[in-house]
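Fold and contact review
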Amino acid sequence: MAHRGALGLSAILIFLHFLLWLAPDNLSGVVKLVPGQTLTRPWMILTSNVFEDSFPNLVLSLGAILGSSVLLIDRWGELEAGRYLVIVAALQASFSWVGMVTLYILFREHHFLFARLGGLTGLVGGLSVAVAQHVAANPSSVPPYLAAMLRCAPLGALAWSAVLLLLTHAGPPDELLFSLFGILSGWTYLRYYQPRPGDSLLRPAAPTGDSSDSFAFAALWPAPLQPPLQLAGAALFGVLSSCCCGLFPPSTAGCGLDEPIWGGGGGASAHGSAFAAAWFAPGTSDLEAPPPSVTTGDPLVAERRRQRARELLEQRMAAKVASAAPAPLTSPRAAAGATVGLHPPPTPAFTIPDAHL
């Protein structure tokens, strides 16, 4: 059964839909995302995600919200579920704004600055990723025939956005950005930043994110799409990890982020395509399993690691002392020569017998 929080959110979305339907022109330019006016009206980043003008999309989105609440809220809690929706809404609207401004710079079309973007497709894209993660980790929580479909829920969300755009708007595919960036934002948060149950988002005690192969980005899509997504993901991961000065990926992600792959020093620039392929591609051979994180909340595991570190340090110190010890002298004659700093006298090559003198 759907939780009260999901029911309350659904009621609010229905009210906002009818409010937008009563005043479509005056209200649409204020609450929807208009890239040319977003800097002066920053509230558009959030309001564009909750005002839906398409009734079919509203019905589908309400079904997605109520259905996902049955699967996720018992596992996450209402606080984490609400935080996830807010983060996905803010990130996908911000990325969509950046994308529209970039398209305007490239093509010099005023449409990209004054288009009105909005709707629930971004939230649906984020929820589709969360549902796919839940089904991959708990396949027995849903019927088998439904589990196979929900594993590719992001593809369904993106396809529904395309169909809705073709049937209702028949214009430029700008609103596909909401669904696409909603999927990317949701996956990035769940992969790298979501804290473990009981941890704080700002001060996590355990490694954050989901590093399992079943939640790699390519694993969210059908098998024919996985090879190109693996290549694109490896290239994008290398660029972001090199340009973000260590801010991405975060140091708290539980995947051994300090292992250099490109063969040069450490740091964010040392993460190469092999590491990115192991993250974005399921079942790769470069990293069969992510190495354990350095930090841990288990005192027994921490004590075992400290003991192992002490043993390794003692072994290295003993090897260094043994290599620095002087080698023993082989003979007294050589010892005498080494003491006075002289070489022993040379032995004559031959002698003349006394009988021939």
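Above this text sits the structure in question.
Summarised in this report is the structure supplied together with it. (Residues numbered from 1 in each chain as written. Predicted model: local features only at pLDDT ≥ 70, side-chain atom pairs only at ≥ 80, totals over all residues. Heavy atoms only, no water.)

1. Digging into the nonpolar core
Judged by nonpolar contacts, the single largest core of 25 residues is most densely connected at Trp76, Tyr84, Val129, Trp187, Leu190 and Leu220. Looking at this core, the elements that each hand over two or more residues are α4 (55-76), α5 (78-107), α7 (121-137), α8 (144-150) and α10 (176-193). Core analysis: the second largest hydrophobic core is formed by 14 residues, Val34, Tyr104, Leu177 and Phe178 among them. (Core = buried A, V, L, I, M, F, W, Y, C linked by side-chain atoms within 4.5 Å. Buried < 20%, exposed > 50% of the residue type's maximum accessible area, 1.4 Å probe, protein only. Helix = DSSP H or I, 4+ residues; strand = E, 2+ residues; numbered from the N terminus.)

2. Quick notes on unusual backbone geometry
For arginine 108, which is not glycine, the phi dihedral falls at a positive 55°. Along the chain, arginine 108 falls in the loop between α5 and α6 (111-114). By relative accessible area, which is 57% here, arginine 108 ends up exposed.

3. Some words on the pattern of salt bridges
Proximity of charged atoms lets side chains of opposite charge pair with each other. For the coordinates displayed, the defined rule picks out 3 salt bridges. In this structure, lysine 32 and aspartate 53 form a salt bridge, with 2.7 Å as the shortest nitrogen-oxygen distance. Highlighted residues: lysine 32 in the loop between α2 (24-31) and α3 (44-47) and aspartate 53 in the loop between α3 and α4, separated in sequence by 21 residues. Its salt-bridge partner being arginine 308, residue glutamate 311 comes within 3.8 Å of it at the nearest N-O pair. Placement of both glutamate 311 and arginine 308 in helix α13 (residues 299-324) is noted, with a separation of 3 residues, approximately one turn of the helix. (Salt bridge = Lys/Arg side-chain N within 4 Å of Asp/Glu carboxyl O.)

4. Let's talk about helix α11 (residues 226-243)
Its 18 residues give α11 an end-to-end C-alpha distance of 25 Å, which sits within 8% of 26 Å, the value for a rise of 1.5 Å per residue. Those residues of α11 lying buried are Gln226, Gly233, Ala234, Phe237, Gly238 and Ser241. Buried residues in α11, looked at end-on, bunch into an arc of 130°, giving them a common side. Residues of α11 that are exposed and point over 90 degrees away from its buried face: Leu231 and Cys243. (Expected span 1.5 Å × (residues − 1). Arc of directions from axis to C-beta.)

Read these as layout, nothing more, since geometry by itself doesn't imply function.
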